[in-house]
Every structure is written in C-alpha cells, then in structure tokens.
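# Geometric and topological summary
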Amino acid sequence: MVGGNQLENANPLIYQRSGDRQVTAQDEDEDIPDKIDDREIFDLIRSINDPEHPLSLEELNVVEQVRVKVNDGESTVAVEFTPTIPHCSMATLIGLSIKVKLLRSLPERFKVDVHITPGTHASEHAVNKQLADKERVAAALENSHLLEVVNQCLSARS
C-alpha cells in the first residue's frame, strides 16, 4: 500500500493457475530416494499470498516454474521472481517471503538464491543484494511486524 490506501497496481493481470502435479507410484515408494526438482520448488512457492492483493504469486505471474532452477546434487535452488510493476515497493517483501518459505521447507543442505528476474524492476540490484545477505535477512526476520507480514503471505487462504 502506498499513501493512504492506494494500491500501486490496482488492476493486475490475473493468470490461470497450473494444474496439480501428477503423483506417480515411484513418488510414493519410500525405498526410492526422492530428488527435489523444479516443480517441487514451484509447488512450494506458487500459493504464497501477494502482500497487496488477495491473489497468489502464481495468479499474478510473479513466480513461474520456468524461473525455478534446482540442482539436487549440488544442493542449490535458484528462484527468479517478477514483480507486477517496475516500481513495486513490495518486491523485497515478496522475495523475503519466497526465501523464508524455502528455508523453512527444504533440508538445511540447500543454498537458496532468490532474486528478481533481470530487467523487471527499477531497484533490482538493491533488492537482490538485500535478499542475498544472510545477516540482513536474519535481521529482517527479527522485526516482529515484518515477520507477521511474511507469515500472512505464507499462510493458507481460508
């Protein structure tokens, strides 16, 4: 929200949600090691709530499966997200919400990189620098108000 109750992007485009992942017999077999893949990460972040709209990041096309890269062998996850407008003041909060969701959901062995899709935000470098700095992320999550907002973004919609 900016200045009073004005939305920065009052009429965002809304995109169709992708279908649910098909579960195979191999997925359910507990004797077969389960590699984490791009779709699994996308499924974790697609339903994160946008801080301004009653919509998910997937519905706003902020996150897309094609912008998720996982290397299970090297324990790395990289997610690019695309703010709905180039001057979105919520970009850092959205990135923080994605990062927190992944840090809470993945085994500790994973290094998580969350950044803005190149060329899609006016403050892309500054936001990416904040999201890449472990100490700044930890300090942000010590702020009880900010943590409450992040938790609201991560909570299931009723």
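Keep in mind the model is a prediction, meaning the values are calculated, not measured. (Residues numbered from 1 in each chain as written. Predicted model: local features only at pLDDT ≥ 70, side-chain atom pairs only at ≥ 80, totals over all residues. Heavy atoms only, no water.)

## Re the overall build of the protein
Per the secondary structure count, the protein includes 6 helices and 3 strands. Across the protein, helices and strands are ordered from the amino to the carboxyl terminus as α-α-β-β-α-β-α-α-α. When the 158 residues of the protein are sorted by exposure, 37% land in the buried category. Long-range contacts, defined here as pairs at least 24 residues apart, represent 67% of the contacts in the protein between residues at least 6 apart. (Helix = DSSP H or I, 4+ residues; strand = E, 2+ residues; numbered from the N terminus. Buried < 20%, exposed > 50% of the residue type's maximum accessible area, 1.4 Å probe, protein only. Contact = heavy atoms within 4.5 Å.)

## Looking at the pairing of strand β3 (residues 111-116)
One ladder, built from 6 bridges, connects strand β2 (residues 76-81) with β3; its direction is parallel. When the sheet's bridge partners are listed, F81 is paired in β3 with I116. Crossover β2 to β3 through helix α3 (residues 91-105) is right-handed. (Pairing = 2+ DSSP bridges. Right-handed = clockwise from strand over helix to strand, strands pointing away.)

## Observations concerning the pattern of salt bridges
Taken as a whole, this structure holds 6 salt bridges when the rule is applied. Between E80 and R67 there is a salt bridge whose closest N-O contact spans 3.3 Å. One end of the pair, E80, is in strand β2; the other, R67, is in the loop between α2 (38-45) and β1 (68-71), and 13 residues separate them in sequence. Residue classification places R67 among the partly exposed residues on the basis of a relative accessible area of 29%. The network of salt bridges with shared partners includes R39, D43, R46 and E58. (Salt bridge = Lys/Arg side-chain N within 4 Å of Asp/Glu carboxyl O.)

## Some details on the nonpolar core
I41, F81, I98 and L102 are the most contacted members of the largest nonpolar core, which has 37 residues in total. Listed by contribution, the elements that provide at least two residues to this core are α2, β1, β2, α3, β3, α4 (124-132), α5 (134-142) and α6 (144-154). The leading source of residues in this core is α3, at 7 residues. Apart from the residues within four sequence positions on either side, L102 is in contact with I41, L44, I45, V77, V79, V112 and V114. (Core = buried A, V, L, I, M, F, W, Y, C linked by side-chain atoms within 4.5 Å.)

## Description of unusual backbone geometry
Although it is not a glycine, N61 sits at a positive phi angle of roughly 65°. Mapped onto the elements, N61 comes out in the loop between α2 and β1. The backbone of S75 shows a phi angle near 55°, a positive value even though the residue is not glycine. One can find S75 in the loop between β1 and β2. Judged by relative accessible area, which is 11%, S75 ranks as buried.

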